[in-house]
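# Structure at a glance
The chain contents come next:
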Amino acid sequence: MHNDLESVFNKFQVHATFSSVEELISGHINDTYLIKTAQKPHYVLQKINGVVFPDALELIQNKVLVSNHLQHKYKHLSLQEIQRKVLCFVKAKDNTFFYKDTDDNYWNVTIFIDDSITYEKTPNSQIAFEAGKITGEFLQLTKDFDTKNLTTILPDFHSVTNRYHQFKNAINTADESKIESAQEFIKFVEEHIKEMQQIDAAIFANKIPQQLTHSDTKISNILYTKTNEALCLIDTDTVMQGVIHFDYGDALRTICNTTDEDCNVESEIDFNLDYFKSYSKGFFGEIKDLTKVEIKFLPLSIKMMPFIMGLRFLTDYLNNNIYYKTNYEKHNFDRAINQLTLVTKIIQKYSEINTFLLSELKN
Ligand code: GN1
Ligand code: MG
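Cut-offs applied
- For every chain, the first residue of its written sequence is number 1, and the numbers climb from 1 along that sequence.
- Working convention: letters from A go to chains and numbers from 1 go to ligands, in the order in which they are written.
- In view of the model being predicted, local features appear only for residues whose pLDDT reaches at least 70, and side-chain atom pairs are presented and counted only at 80 or more, with totals across whole chains, interfaces and linings using the full set of residues.
- As a convention, hydrogens and water are excluded, and side-chain values are obtained from all of the structure's heavy atoms.
- Relative accessible area decides the class of each residue, using a 1.4 Å probe on protein chains only: under 20% of the type maximum gives buried, over 50% gives exposed, and in between gives partly exposed.
- Secondary structure elements are taken from DSSP: a helix is a run of H or I of four residues or more, a strand is a run of E of two residues or more, and numbering for both begins at the N terminus.
- We treat two strands as partners when DSSP finds at least two bridges between them.
- Residues are labelled near a given molecule or strand when at least one of their non-hydrogen atoms is within 4 Å of it.
- By the criterion applied in these results, polar contacts are pairs of N or O atoms within 3.5 Å in which, for protein atoms, one can donate a hydrogen and the other can accept it, and in which residues neighboring in sequence qualify only through two side-chain atoms.
- Accessible surface area values rest on a Shrake-Rupley calculation with a 1.4 Å probe, where residue burial reflects the displayed protein chains alone.
- Lining residues are defined by having an atom within 4 Å of a point belonging to a cavity or pocket. Those points lie on a 1 Å grid over the protein atoms alone, cavities being sets where a 1.4 Å probe fits but cannot get out and pockets being open sets with protein on both sides within 12 Å along at least five of seven lines.
- To qualify as sitting in a cavity or pocket, a molecule needs more than half of its atoms within 2 Å of the grid points.
- Here an axis means a line fitted to C-alpha atoms, over the contact stretch when the element is a helix, while the angle between two N-to-C directions is reported on a 0 to 180 degree scale.
- Every angle not falling under 35 degrees, over 145, or within 65 to 115 is termed oblique; those three ranges are roughly parallel, roughly antiparallel and roughly perpendicular.
- By definition, turning the near helix anticlockwise from the far helix through less than a right angle yields a left-handed crossing, and turning it clockwise yields a right-handed one.
- Note on contacts: a residue pair qualifies if any of its non-hydrogen atoms lie within 4.5 Å across the two residues.
- Three categories are distinguished: nonpolar for Ala, Val, Leu, Ile, Met, Phe, Trp, Tyr, Cys and Pro, charged for Asp, Glu, Lys and Arg, and polar for the others, with Gly belonging to the last.
- Given the number of residues in a helix, its expected span is that number minus one, multiplied by 1.5 Å.
- Bend, at a single residue, is the angle you get between axes fitted to the 7 residues ending at that residue and the 7 residues starting at it.
- Note that water is not among the atoms considered, so a metal site may appear incomplete; the donors listed are N, O and S atoms within 2.8 Å of the metal, with 3.2 Å applied to Na, K and Ca.
- Residue ranges for the domains trace back to a domain assignment, done automatically or taken from a database.
- Buried area counts how much accessible surface, traced with a 1.4 Å probe, disappears from two parts once they are put together, with both parts' losses summed.
- By salt bridge we mean one thing: a side-chain nitrogen of Lys or Arg within 4 Å of a carboxyl oxygen of Asp or Glu.

Here we come to the pairing of strand β5 (residues 106–111). Of all six residues that make up β5, six are buried, and the element is covered over most of its length. Burial of β5 is two-sided: the residues Tyr106, Asn108 and Thr110 facing one way and the residues Trp107, Val109 and Ile111 facing the other way are all buried. Bridge analysis of strand β4 (residues 99–100) against β5 gives two bridges, and the strand direction is antiparallel. Bridge pairing links Lys100 to Tyr106 in β5. Taken together, β4 and the strand that follows it, β5, pair antiparallel across an intervening segment of five residues, in which Asp104 is found at a positive phi of about 70 degrees.

Encoded structure:
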């Protein structure tokens, strides 16, 4: 395996000697490796999951276009600073940004951002505030990015309606015993689906402005400095047209969760309001000129994003784990319990959430 990885790595213009490899296991889809070299920089080598992403080549092209756009926005900074704030893709020896192996897998390489830290869970309010700042800044800097230049990699990715159809199809083919075990959560989905579809409807009716979104703003996709500043938003696999609510709600889903996404202990799962407030302050400090309709749908997005994730995890559990990487049979079920319980906790705190947002955004 190491030899194979070394030979893939050497297909890229890296000018450095491979010294060791370590798998980075946080993601649920792709295979990602930290390649240490004798000389710095180190690199991140990634194999794109061709089942989840049939358009892997276009996905890499999308990521490069967005990185180029951000690099341009930071052109007043030194190259060294830019390489710490933006994912920098390395060309392959044939001058493309990818390598296609003999099994038709696509690979890409980025420069590893050294001396950075990632979190699976928020350790303090400063980290939450900084997460708000960097996700807000990403949306602000890419507001003028023309999404027509991108290939839509996963159509209707954050559409509740799409996810609900996939869920219904899974119920039609799932084992009776699985449906039985998931009954409480299936009922929860049915009770809340109408409300959760409101953002879809507003998008469909063109009531919410659309722009580039990151579409996977979980906390582990943010690199921090050792002094708690957010440095770089990584994992741009899912950059696509959307509404800012996707990134806002998706970030809060992990920033404010008091547990890991895998935790099924309902009594431990809660939504941390302090982190919500800190994140929001960071986010709205960057995002300018929100429309009335955008503001109106912000609270709902906080419920909708964990609802979508819960629905997707539940669907994959019913489908016998064909999409996400899992470590055990009920892994996706535990993730679904986690996300849907989080929705319940958000509902319990909804009036406080609304009050805070109203006062924060009244000007
Ligand atoms: C997947 O692989 P990763 O961790 O980047 C998923 C996201 C989910 C996330 C849940 C393409 O992201 O939508 O939010 O798992 N990405 C895709 O942790 O489905
Ligand atoms: Mg991702």
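Near ligand 1, the surroundings consist of 17 residues, among which His28, Lys218, Glu261, Arg312 and Tyr323 are the closest. Residue Lys218 places a side-chain N or O atom 2.5 Å away from an oxygen atom belonging to ligand 1. Side-chain polar atom of Glu261 to an oxygen atom of ligand 1: 2.7 Å apart, as the coordinates give it. Protein chains bury 96% of the 440 Å² of accessible surface belonging to ligand 1 in isolation. The cavity that encloses ligand 1 is the largest pocket. Tallying contributions element by element places helix α11 (residues 292–318) first for the shell around ligand 1, with three residues.

Two numbers describe how helix α5 (residues 160–173) lies on helix α7 (residues 183–196): the axes approach to 11 Å, and their chain directions differ by 155 degrees. For the element pair α5 / α7, the angle class is roughly antiparallel. Handedness of the crossing formed by α5 with α7: left-handed. Of α7, the residues touching α5 (which contributes Val160, Tyr164, Phe167, Lys168 and Ile171) are Ile186, Val189, Glu190, Ile193 and Met196.

All right, on to the side chain of His158 then. Here His158 is to be found in the loop between α4 (125–141) and α5. For His158, the contacting residues outside a window of four places in its chain are Asp200, Ser215, Phe246, Asp250, Met304, Met305, Ile308 and Met309.

Another aspect to go through is the packing of helix α10 (residues 273–286) against helix α13 (residues 350–360). At a closest axis distance of 11 Å, the pairing of α10 and α13 adopts a crossing angle of 25 degrees. One finds that α10 runs roughly parallel with respect to α13. Handedness of the crossing formed by α10 with α13: right-handed. Here α10 contributes Leu273, Phe276, Lys277, Ser280, Lys281 and Phe284 to the contact with α13, which in turn contributes Glu352, Ile353, Phe356, Leu357 and Glu360. Its residues assigned to classes, the contact of α10 with α13 shows six nonpolar, one polar and four charged.

Moving on, we get to α7. In a regular helix each residue adds 1.5 Å, so 14 residues correspond to 20 Å; α7 covers 19 Å between its end C-alpha atoms and thus fits that length. At Glu190, α7 shows its strongest bend, of approximately 30 degrees. All of the buried residues along α7 are Phe185, Ile186, Phe188, Val189, His192, Ile193 and Met196. In this structure, the buried side of α7 is in contact with α5, α6 (176–181), α8 (198–204), α11 and α12 (331–348).

Okay, the coordination of the magnesium ion (ligand 2) next. Ligation of the magnesium ion (ligand 2) by protein atoms is provided by Asp216 (OD) and Asp235 (OD), these donors lying 2.0 Å from the ion. On the criterion of sequence distance, the pair formed by Asp216 in the loop between β6 (211–213) and β7 (222–224) and Asp235 in the loop between β8 (230–233) and β9 (240–242) is long-range, its members being 19 residues apart. Look at Asp216 and you get buried, because its relative accessible area is 17%. Using a relative accessible area of 22% as the deciding quantity, one classes Asp235 as partly exposed.

Split by domain assignment, the protein chain resolves into domain 1 (2–111) and domain 2 (125–362). Averaged C-alpha coordinates put domain 1 and domain 2 at centres separated by 26 Å. The interface is formed by 26 residues belonging to domain 1 together with 27 residues belonging to domain 2. Together domain 1 and domain 2 conceal approximately 2400 Å² of surface at their shared face, both sides included; 60% is due to carbon and sulfur atoms. In this structure, the connection of domain 1 to domain 2 is made through three salt bridges. One salt bridge connects Lys325 with Asp31, and the closest N-O pair in it is separated by 2.9 Å. One can count eleven residue pairs in polar contact (both at pLDDT 80 or more) joining domain 1 with domain 2. Listed by contribution, the elements that provide at least two residues to the side of domain 1 that touches domain 2 are α2 (56–73) and α3 (79–85). Looking at the side of domain 1 that touches domain 2, its residues break down into eleven nonpolar, seven polar and eight charged.

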